[in-house]
Amino acid sequence: MEKFTRLISMSPLLLLLCLPLALASHDYGQALSKSILFFEAQRSGYLPHDQRVTWRANSGLNDGKASGVDLVGGYYDAGDNVKFGLPMAFTITMMSWSILEYGEQLAHTGELGHAMNAVKWGTDYLIKAHPEPNVFYGEVGDGNTDHYCWQRPEDMTTDRRAYRIDQNNPGSDLAGESAAAMAAASMVFRHSNPAYSAELLHHAFQLFDFADKYRGKYDSSITVAQKYYRSISGYNDELLWAAAWLYQASNNQYYLEYLGSNGDSMGGTAWSMTEFGWDVKYAGVQTLVAKFLMQGKAGDHAPVFERYQQKAESFMCGCLGKGNKNVQKTPGGLIFRQRWNNMQFVTSASFLTTVYSDYLTSAGRSLRCAASNVAPSELLGFAKSQVDYILGDNPRATSYMVGYGNNYPQQVHHRASSIVSVKHNPSFVSCRGGYATWFSRKASDPNVLTGALVGGPDAYDNFADERDNYEQTEPATYNNAPLLGILARLGGGHSGYNQLLPVVFPAPTKPVAAPQPKVTPAPASSSVPIAVEQKMTTSWNDKGKPFYRYSTVVTNNSGRTLKDLKLSISKLYGPLWGLNKSGNVYGLPTWLNSLPAGKSLEFVYIHSASAADVSVSSYTLG
């Protein structure tokens, strides 16, 4: 998210007063594929071998190193090179919700595997960011120094400091949203990767406890986030949001009780909302609790849950323009909340109306608005109208998804796409040189940011396709995340699914096997001196709980004798054999003083989660 102090000077734009005479029907499947592809362009860290956005390369490879923690990976939030934890976690929650509701439709399009990979890229990072129960790293990089520079992620020279919350510097909103993301994602991987699912749920439990016990706003602890992602709504909505997701993921009645006991005092039953997004979660909480009520799970809390539902339906009616408090719309019919990246509110609201339409259909109910009852199909029709506007059915006949249609933004406010790929021209792009050479360039981006949903038009449907118009031309991950579910639903239909019942969607075409062999990343080189490779050798169940045995092989490729090897091993939850532990590091076993050139050492461990993170801390070569 870009926030400069200056205002943009824009030439007045004429509003086209009529829609094109003929509106072509949209290819929702193609739009879905492109919207998922965008997340690959936002990846930070070591890119995988199957990376499809080939103009990107590895970046942020030392993130967290100065703080003694591995924070390599995750997503850049928008057109900048900062990793902001709160919007990243919300993005993961909404991608997961999309899969949980419309996984079967995603599978039919062949995109389920890509969607699950997009979630896992984010949750792998969230796991790294939570190294201790009451510690969470919520930002890498600083918005001020980052925005002073215009560089590819691969060229970054800006401050990559890591910022954290802990019990002395709390952040209930950040920890709560991250708990929600991990809980939601744990359900995504429950069948294809049960060990990983259990690991995510374990983190979600800890993060919720941390958020609830040590209360405070995260931007009071991570103050550098205030100019970019200030938590205006506070943290009560995130605590309720996390509780709702933890109840769904664990079926633990404690979290249902939490929603019932705290609904009134924390605002869940009080606030009638006209927006939903990375900061304000109340409408999302109200929608989920209304679902629990329609599923017959409210129990003694039915009166409270009915008040949640009233607020959920107030939001739905407001979107349709049939409530006591209606959302603002442009003359062309698009939801309008603010001039800065308005599209985030469009997709989030449209997702809620989509799922609520299906909840009502499954329950055989209609929507109760101020004037009259409304059929569920009208809610879905509203969501469709918003998506069709995004894809080109608007007064400008412009697609606001990059790469979709014939007329889409060409000068996206995005560092990586606006600068020639490092693979085509590896010459270093300096901090200010990027502004002089690339930012000010009045031409189309050299790299097409396929699938990116930009900020969108203003309150009068006007739009200026200019790189310095960051309010309208900057994309964001949280714009795209809710779109996955809507596009899957519109493209795949309902087919009689009961959305109130758990949906077990088929395994992706390329399933995420449980657990994955893991090779410790290393910079591209013709020879890695010390190689580490892991694989699962066997698995079994004990009293319904899965266990895995991992074999880890350390190989000396250096050509010299390896001595004083020190390994760092994190996310290890069971016994280990074959190494000597000293403090927080592991070394060669006591019977082995050195490892000759070309030789390997094997050690094994057992636990009930995915493979541990094993990395080389230090060594000497004789």
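On a predicted model such as this, the values are computed, not experimentally measured, just so you know.

Basis of the calculations
- Every chain begins its residue count from 1, and numbering advances along the sequence as written.
- In keeping with the model being predicted, local features are shown solely for residues with a pLDDT of at least 70 and side-chain atom pairs are shown and tallied solely at 80 or more, while totals for entire chains, interfaces and linings include all residues.
- Excluding hydrogens and water, the side-chain figures rest on all heavy atoms present in the structure.
- Any two cysteine sulfur atoms lying within 2.5 Å of each other are counted as a disulfide.
- The helix count covers DSSP runs of H or I at least four residues long, the strand count covers runs of E at least two residues long, and both are numbered beginning at the N terminus.
- Here the term buried applies to any residue with accessible area under 20% of the maximum for its type, exposed to any over 50%, and partly exposed to those in between, with areas from a 1.4 Å probe on protein chains only.
- Note: domain ranges come from an automatic or database domain assignment.
- Should any heavy atoms of two residues lie within 4.5 Å, those residues are considered in contact.
- Buried area: the accessible surface (1.4 Å probe) lost by two parts on joining, summed over both.
- Two N or O atoms count as a polar contact when they lie within 3.5 Å, although within protein this holds only if one can serve as hydrogen donor and the other as acceptor, and sequence-adjacent residues are included solely when both atoms are side-chain atoms.
- When residues are grouped by polarity, Ala, Val, Leu, Ile, Met, Phe, Trp, Tyr, Cys and Pro land in nonpolar, Asp, Glu, Lys and Arg in charged, and all others, Gly among them, in polar.
- UniProt positions are given in the numbering used here, feature names are shortened, and annotations may be inferred rather than shown by experiment.
- Should DSSP find at least two bridges between two strands, the strands are regarded as paired.
- Take the buried residues of types Ala, Val, Leu, Ile, Met, Phe, Trp, Tyr and Cys, join any two whose side-chain atoms come within 4.5 Å, and each joined set is a nonpolar core.

1. With respect to the state of the cysteines
Within the structure shown, the criterion is met by two disulfides. Note that cysteine 149 is cross-linked by a disulfide to cysteine 431, the S-S spacing being 1.9 Å. Between cysteine 149 and cysteine 431, the S-S dihedral sits near -85°, and the bridge is therefore left-handed. With cysteine 149 in the loop between helix H4 (143–148) and strand S3 (162–166) and cysteine 431 in the loop between helix H14 (415–418) and helix H15 (433–439), the pair connects residues that are 282 residues apart, well separated along the chain. By relative accessible area, which is 6% here, cysteine 149 ends up buried.

2. Looking at the domain arrangement of the protein
According to the domain assignment, the protein consists of domain 1 (28–492) and domain 2 (530–621). Its C-alpha centre places domain 1 at a distance of 37 Å from the equivalent point of domain 2. With eight residues of domain 1 at the interface, the matching set in domain 2 holds six residues. For the pairing of domain 1 and domain 2, the buried interface totals around 540 Å² over both sides, and the portion due to carbon and sulfur atoms is 56%. Seen at the junction of domain 1 and domain 2, the total is zero residue pairs in polar contact (both at pLDDT 80 or more). The greatest single-element share of the side of domain 1 that touches domain 2, amounting to five residues, is contributed by helix H6 (residues 194–213). In terms of residue class, the side of domain 1 that touches domain 2 is made up of four nonpolar, two polar and two charged.

3. Thoughts on helix H9 (residues 253–262)
Helical geometry note: an α-helix holds 3.6 residues per turn, so side chains three or four residues apart project in the same direction. Within H9 the residues assigned to the buried category are Tyr255, Leu256, Tyr258, Leu259, Gly260 and Asn262. Where H9 is buried, its residues contact H6, helix H8 (236–250), helix H10 (282–294) and helix H11 (302–320). Here H9 starts with a cap whose side-chain oxygen sits 2.8 Å from the backbone nitrogen of tyrosine 254, and that cap is asparagine 252.

4. So, the UniProt feature "active site" (unreviewed entry) in the protein
Feature annotation in UniProt assigns "active site" (unreviewed entry) to the following positions: His413, Asp465 and Glu474. Across 62 residues in sequence, these annotated residues keep their C-alpha atoms within 10.2 Å of one another, forming a single compact spot. Counting through the fold element by element, aspartate 465 comes out in the loop between H15 and helix H16 (470–473). Setting aside residues up to four positions removed in sequence, aspartate 465 forms contacts with Tyr408, Pro409, Gln410, Gln411 and Thr473. Of the polar contacts made by the side chain of aspartate 465, one reaches the backbone nitrogen of glutamine 410; its length is 2.8 Å.

5. Considering the sheet that holds strand S9 (residues 576–577)
Taken in spatial order, the four strands of this open sheet run S6-S7-S13-S9, and their pairing is antiparallel. Every interior strand has two partners, whereas the edge strands, strand S6 (530–542) and S9, have only one. As paired strands, strand S7 (residues 545–556) and strand S13 (residues 600–607) are joined by eight bridges and run antiparallel to one another. Opposite tyrosine 550, over in S13, you have tyrosine 605 as the bridge partner.

6. Comments concerning the environment of alanine 290
By the element assignment, alanine 290 lies in helix H10. In the structure, alanine 290 is positioned 16 residues away from glutamate 306 in sequence and 7.2 Å away in space, judged by C-alpha atoms.

7. Considerations on the nonpolar core
By size, the foremost hydrophobic cluster in this structure holds 155 residues, and its most contacted members are Trp97, Trp241, Trp245, Leu259, Phe305 and Leu367. Top element by residues in this core is helix H2 (residues 85–109). It accounts for twelve residues. Other than its neighbours up to four places away in sequence, tryptophan 241 contacts Phe90, Thr93, Met94, Trp97, Glu177, Ala180, Phe276, Lys281, Gly284, Val285 and Leu288. The next biggest cluster of nonpolar side chains, apart from the first, holds 22 residues, and it includes Leu562, Leu576, Leu579 and Ala611.

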